[in-house]
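Fold and geometry: a report
For reference, the chains in residue letters:
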Amino acid sequence: EMSAEAITKAVDGVSNDPAKVTAYCAMANKMDEIGDDDKAAEAASAEIDGYFKTLGADFEAAWASAQESAEDSAQGKAFEEAMTKLDEKCGK
């Protein structure tokens, strides 16, 4: 599991890289599109994996770590905060 600092650093690393921001925003849009549709999720899994490859192992590890952390944990809060900044770059 990653520390809160490592999570912040990983997500901020994406926020500060224009090419990665583009990939992240495309991935976020795709995930919004999929919603709870399992068939759509299956169809898009290769595309989503591709975005994660572009975003890098650190971001993927931060994402995975946040999924396993409680929302009110240090990790959960760090992820939420860093992701809010990242989402703002998508114009959301």
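In this text the structure is predicted, and so the values were computed from the model without any measurement.

**Considerations on the overall build of the protein chain**
Each helix and strand counted, the protein chain has 5 helices and 0 strands in total. Going residue by residue from the N terminus, the α and β elements of the protein chain occur as α-α-α-α-α. For 92 residues, the compact-globule formula gives about 12 Å, and the C-alpha radius of gyration of the protein chain, at 13 Å, lands near that figure. By principal-axis analysis of the C-alpha atoms, the protein chain measures approximately 35 × 30 × 25 Å. Taking all 92 residues of the protein chain together, the buried fraction comes to 39%. Look at the contacts in the protein chain between residues 6 or more apart in sequence, and 71% of them connect residues 24 or more apart. A total accessible area of about 5,600 Å² is found for the protein chain, and carbon and sulfur atoms account for 48% of it.

**What about the confidence of the model for the protein chain?**
Confidence in the prediction for the protein chain averages 96 pLDDT; 99% of positions are at 70 or higher. Highest mean pLDDT in the protein chain belongs to helix α1 (residues 4–15) (98); lowest belongs to helix α4 (residues 57–68) (96).

**Topic: the pattern of salt bridges**
Under the definition given, this model contains 3 salt bridges. Across the salt bridge formed by Lys85 and Asp12, the nearest N and O atoms sit 3.6 Å from each other. Taken together, the residues span a long stretch of sequence, with Lys85 in helix α5 (residues 74–88) and Asp12 in helix α1 at a distance of 73 residues. Residue classification places Lys85 among the partly exposed residues on the basis of a relative accessible area of 45%. Across the pair Lys30 and Glu47 runs a salt bridge whose closest N-O atoms are separated by 3.8 Å. Linking Lys30 in helix α2 (residues 18–34) with Glu47 in helix α3 (residues 38–55), this pair joins segments that are 17 residues apart in sequence. Taken together, the shared-partner salt bridges in this structure form one network comprising Lys30, Glu33 and Glu47.

**Topic: the side chain of Ser69**
Locating Ser69 in the fold gives a position in the loop between α4 and α5. A relative accessible area of 13% places Ser69 in the buried class. A polar atom in the side chain of Ser69 sits 2.8 Å from the backbone oxygen of Ser65. With residues near it in sequence (within four places) discarded, Ser69 still touches Glu1, Gln75 and Gly76.

Rules behind the numbers
Residues numbered from 1 in each chain as written. Predicted model: local features only at pLDDT ≥ 70, side-chain atom pairs only at ≥ 80, totals over all residues. Heavy atoms only, no water. Helix = DSSP H or I, 4+ residues; strand = E, 2+ residues; numbered from the N terminus. Rg over C-alpha atoms; globule rule 2.2 N^0.38 Å. Buried < 20%, exposed > 50% of the residue type's maximum accessible area, 1.4 Å probe, protein only. Contact = heavy atoms within 4.5 Å. Areas by Shrake-Rupley, 256 points an atom, 1.4 Å probe, with all protein chains shown as cover. pLDDT = per-residue confidence, 0-100. Salt bridge = Lys/Arg side-chain N within 4 Å of Asp/Glu carboxyl O. Polar contact = N/O pair within 3.5 Å; in protein donor to acceptor, adjacent residues only side chain to side chain.

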